[in-house]
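Each chain, letter by letter, is given below.
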Amino acid sequence: MIQLIKGFKDVLPGEIEVWQTIERAAKETFENFGFQEIRLPIVEKSELFSRSIGDTTDIVEKEMYTFEDGKRGHITLRPEATASVVRSYIQHKMYAADPIRKFYTIGPMFRRERPQKGRYRQFYQIDAEVFGIDSPYLDAQLIFMLTTLLATLKAKDVKAHINSLGCPCCRPKFQKALKELLDAKKEHLCENCLRRSEKNPLRVLDCKVPACREAVVGAPSILDHLCDECSDHFETVKRVLTENGVEYEVDKNLVRGLDYYTRTAFEILTTSLGAQNAVAGGGRYDGLVKALGGPEVPAIGFAIGFDRLAEIVAMQQSIEAPGPTLYIAPLGEKATETAAHWVMQLAARGISCETDFSGRSLKSHMKRADKLKAAHVLMVGDDELKTGRVTLRNMTTREQDELPLDGLVETLAQQFK
Ligand code: AMP
């Protein structure tokens, strides 16, 4: 038997209801905040990711699914959505009429990571990006929107962690101070961090290896190195979050994996998923649109790990797919054909409807209707077709009604609308 590939997974009925609930809630919440949906390809030129995410990141260094595609050169299954959204914003000159645009997109991402619980090679993200606004009010609003969505979904044990990563004006000074400390602690750093400390020392703060965590305990804080503008920006973000009832924790070691972040960076962490505790992450990336060939337009966004959020939501509530509104139980050949016709008519008119063509007994039909959790059962035999009346049973109250055959589809469509 051919099985799926390790690190990939099927989302089956039973689980999908939670996914659908999340997707509906995300769409509704984001649209209330003025976001529009955007759908993008899952493959892009590899260069898009190496230029935006950064050559020194784990994703680009070792996790991308990259293929040679003839004359087109190297193409990559997208490891995240931001780069594609930015590419699309620039390519279609969406900034021309109005630089302010708010997008969300939902779909699969691919990273060749070591598969484990909560970490897949194909996983899904719900991604939101805003272009053209540099105000800290927006940073706070995005975090508020994210926590609002989580509250709507009754996700417990989640908390926002925030930091500021400064800007090209103040970050280099901090990087220098950090590098000095890292140079002094070289022998304690893991192989990856040794490399990172040369190219992108900030990323060492993000390392999960215990020895590296230990090594950066007394590290300088980026928050002590922010320029006045970045500092004011961060203070406003914090104030607005507090004023709007968002609980958060400032985490000076929160740097996020990707190179393109500036100023506000944030993550939603949970205590209920074990090691893979990040449910969502995001931040401001004011320089990326320009770096990818667009105009100077500030931007900010976040990505929710859909798979992880689904796990959290499933822990809190069981969401079952509703059964059909109507199950038609035909007895006899003619009745079965009539039932087939009614199901098509009713389903086409928006009434969820089921039947069975296998010539079951009434008892066996009732069992099946129960199993499908049908709300009503319509019983029709060849005899009823002759007498012109059928029986409708409410499966909750067990009450039965007799309905005339004449205009039955119309009667049912009206009743169940
Ligand atoms: P990132 O783009 O790395 O900031 O990831 C954003 C969110 O996507 C994380 O907070 C996770 O919830 C989720 N995520 C990232 N990588 C994976 C993965 N390999 N498997 C499942 N979820 C992931």
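Predicted, not measured: the structure shown is a model, and the values here were computed from it.

Rules and cut-offs
- Numbers given to residues run from 1 along each chain, matching the order in which its sequence is written.
- Since the coordinates come from a predicted model, pLDDT governs what is reported: local features require at least 70, and pairs of side-chain atoms require 80 or more to be given and counted, while whole-chain, interface and lining totals use all residues.
- The side-chain quantities take in all heavy atoms of the structure and omit both hydrogens and water.
- Think of it this way: one heavy atom of a residue within 4 Å of a molecule or strand is enough to make that residue near it.
- Contacts described as polar in this section are N or O atom pairs within 3.5 Å, which, within protein, must combine one atom able to donate a hydrogen with one able to accept it, while residues neighboring in sequence count only if both atoms come from side chains.
- Throughout, the Shrake-Rupley method with a 1.4 Å probe supplies accessible areas, and for residues the shown protein chains are the sole cover considered.
- The numbering of helices and of strands both runs from the N terminus, where a helix is a DSSP run of H or I of at least 4 residues and a strand a run of E of at least 2.
- Here an axis means a line fitted to C-alpha atoms, over the contact stretch when the element is a helix, while the angle between two N-to-C directions is reported on a 0 to 180 degree scale.
- Here roughly perpendicular refers to angles of 65 to 115 degrees, roughly parallel to angles under 35, roughly antiparallel to angles over 145, and oblique to all remaining angles.
- A crossing counts as left-handed when the near helix is turned anticlockwise from the far one by less than a right angle, and as right-handed when that turn is clockwise.
- Here, two residues are considered to be in contact whenever any of their heavy atoms come within 4.5 Å of each other.
- Residues are grouped as follows: Ala, Val, Leu, Ile, Met, Phe, Trp, Tyr, Cys and Pro are nonpolar; Asp, Glu, Lys and Arg are charged; every other residue, Gly included, is polar.
- Between buried and exposed lies partly exposed: a residue is buried under 20% and exposed over 50% of the maximum accessible area for its type, with that area taken using a 1.4 Å probe on protein chains only.
- Note: domain ranges come from an automatic or database domain assignment.
- Between any two strands, pairing holds if DSSP finds at least two bridges.
- The salt bridge definition used is simple: a Lys or Arg side-chain nitrogen within 4 Å of an Asp or Glu carboxyl oxygen.
- Helix span, as expected, comes to 1.5 Å for every residue beyond the first.
- Our arc is simply the arc of the directions from the helix axis toward the C-beta atoms.

A. The arrangement of the site of the ligand in detail. Inspection of the region around the ligand gives 14 residues, with Arg-111, Glu-113, Tyr-120, Arg-256 and Ala-278 positioned closest. A distance of 3.1 Å separates an oxygen atom of the ligand from a polar atom in the side chain of Gln-125. With respect to the ligand, the backbone of Ala-280 contributes an N or O atom lying 3.4 Å from an oxygen atom. Here the ligand, which alone exposes 490 Å², has 91% of that area covered by the protein. Among the secondary structure elements, those contributing two or more residues to the shell around the ligand are strand E6 (122-131), strand E10 (278-284) and strand E11 (299-305). Examining the composition of the shell around the ligand, we find that three residues originate from one element, E10, more than from any other.

B. The packing of helix H12 (residues 333-348) against helix H15 (residues 408-416), seen in detail. Taken N-terminus to C-terminus, the directions of H12 and H15 make an angle of 40°; their axes are 10 Å apart at the nearest point. The orientation of H12 with respect to H15, classified from their angle, is oblique. Judged by the twist between their axes, the crossing of H12 over H15 is right-handed. Contacts from Trp-342, Gln-345 and Leu-346 of H12 reach H15 at Leu-408, Val-409, Leu-412 and Ala-413. Broken down by class, the residue content of the contact of H12 with H15 amounts to six nonpolar, one polar and no charged.

C. How the structure looks around the environment of Thr-387. Relative to the elements of secondary structure, Thr-387 occurs in helix H14 (residues 382-387). Classification of Thr-387 by relative accessible area gives exposed; the value is 61%. Placed 17 residues apart in sequence, Thr-387 and Pro-404 show a C-alpha to C-alpha distance of 9.2 Å.

D. Seen up close, the domain arrangement of the chain. If you check the domain split of the chain, you get domain 1 (16-170 + 226-316) and domain 2 (326-415). The distance between the C-alpha centroids of domain 1 and domain 2 comes to 49 Å.

E. Here's a closer look at the sheet that holds strand E7 (residues 158-164). Spatially, E1-E5-E6-E11-E10-E9-E7-E8 is the arrangement adopted by the eight strands of the open sheet, whose pairing is mixed. Both edges of this open sheet fall to strand E1 (36-37) and strand E8 (248-250), since each of them pairs with a single strand only. The pairing of E6 with E11 spans seven bridges and is classified as antiparallel. By the bridge assignment, Val-130 is partnered in E11 with Ile-300.

F. Representation of the pairing of strand E3 (residues 65-68) in the model. In terms of strand pairing, E3 meets strand E4 (residues 74-77) through four bridges, oriented antiparallel. Across the sheet, the residue bridging to Tyr-65 is Leu-77, located in E4. Connecting E3 to the next strand, E4, in antiparallel fashion are five residues, including Gly-70 with a positive phi near 55°.

G. Geometry of the pattern of salt bridges. Across all of its chains, the model carries 28 salt bridges by this definition. The salt bridge partner of Glu-37 is Lys-27, with a shortest N-O separation of 3.4 Å. Of this pair, Glu-37 sits in strand E1 while Lys-27 sits in helix H1 (residues 16-32); the two residues are ten residues apart in sequence, bridging distant segments of the chain. A relative accessible area of 31% means that Glu-37 is categorised as partly exposed. With relative accessibility at 23%, the residue Lys-27 sits in the partly exposed group. Arg-284 serves as the salt-bridge partner of Asp-139, at 2.8 Å between the closest nitrogen and oxygen. Placement of Asp-139 in helix H5 (residues 136-152) and of Arg-284 in strand E10 is noted, with a sequence separation of 145 residues between them. As far as burial versus exposure is concerned, Asp-139 and Arg-284 are alike and both buried.

H. Region of interest: the pairing of strand E5 (residues 101-110). The element E5 is extensively covered by neighbouring structure, given that nine of its ten residues are classed as buried. In this sheet, E6 lies alongside E5 in antiparallel orientation, the contact comprising ten bridges. Across the sheet, Arg-101 pairs through a bridge with Phe-131, a residue of E6.

I. Up close: the sheet that holds strand E13 (residues 353-355). Across the sheet, five strands lie side by side as E13-E12-E14-E15-E16; this open sheet has mixed pairing. Of all strands in the sheet, those bounded by a partner on one side alone are E13 and strand E16 (400-404). With strand direction ignored, the average angle separating the axes of adjacent strands in the sheet is 25°. Relative to strand E14 (residues 376-381), strand E12 (residues 326-331) is paired through six bridges, and the arrangement is parallel. In the sheet register, Pro-330 faces E14, and the bridge partner there is Val-380. Helix H13 (residues 362-371) contacts E12, E14 and strand E15 (389-394) of the sheet and is inclined by roughly 165° relative to E12.

J. Main features of the packing of H1 against helix H11 (residues 306-316). Remark: H1 packs on H11, axes separated minimally by 9 Å, with the N-to-C direction vectors making an angle of 110°. The orientation of H1 relative to H11 falls into the category roughly perpendicular. When H1 is examined against H11, the residues Val-18, Trp-19, Ile-22 and Glu-23 are found in contact with a partner set consisting of Phe-306, Asp-307, Leu-309, Ala-310, Val-313 and Ala-314.

K. H12, seen in detail. Helix length check: H12, at 16 residues, gives a terminal C-alpha distance of 23 Å against a target of 22 Å (1.5 Å per residue), a fit within 8%. Along H12, the positions that sit buried rather than exposed are Ala-335, Thr-336, Thr-338, Ala-339, Trp-342, Val-343 and Leu-346. Projection of H12 onto a plane perpendicular to its axis shows the buried side chains occupying an angular sector of 160°, all on one side. In H12, the exposed positions that point more than 90 degrees away from the buried face belong to Glu-333, Glu-337, Met-344 and Ala-348. If you follow the buried residues of H12, they end up packed against E12, E13, E14, H14, E15 and H15. Immediately downstream of H12, the backbone of Gly-350 shows phi near 90°, a positive value.

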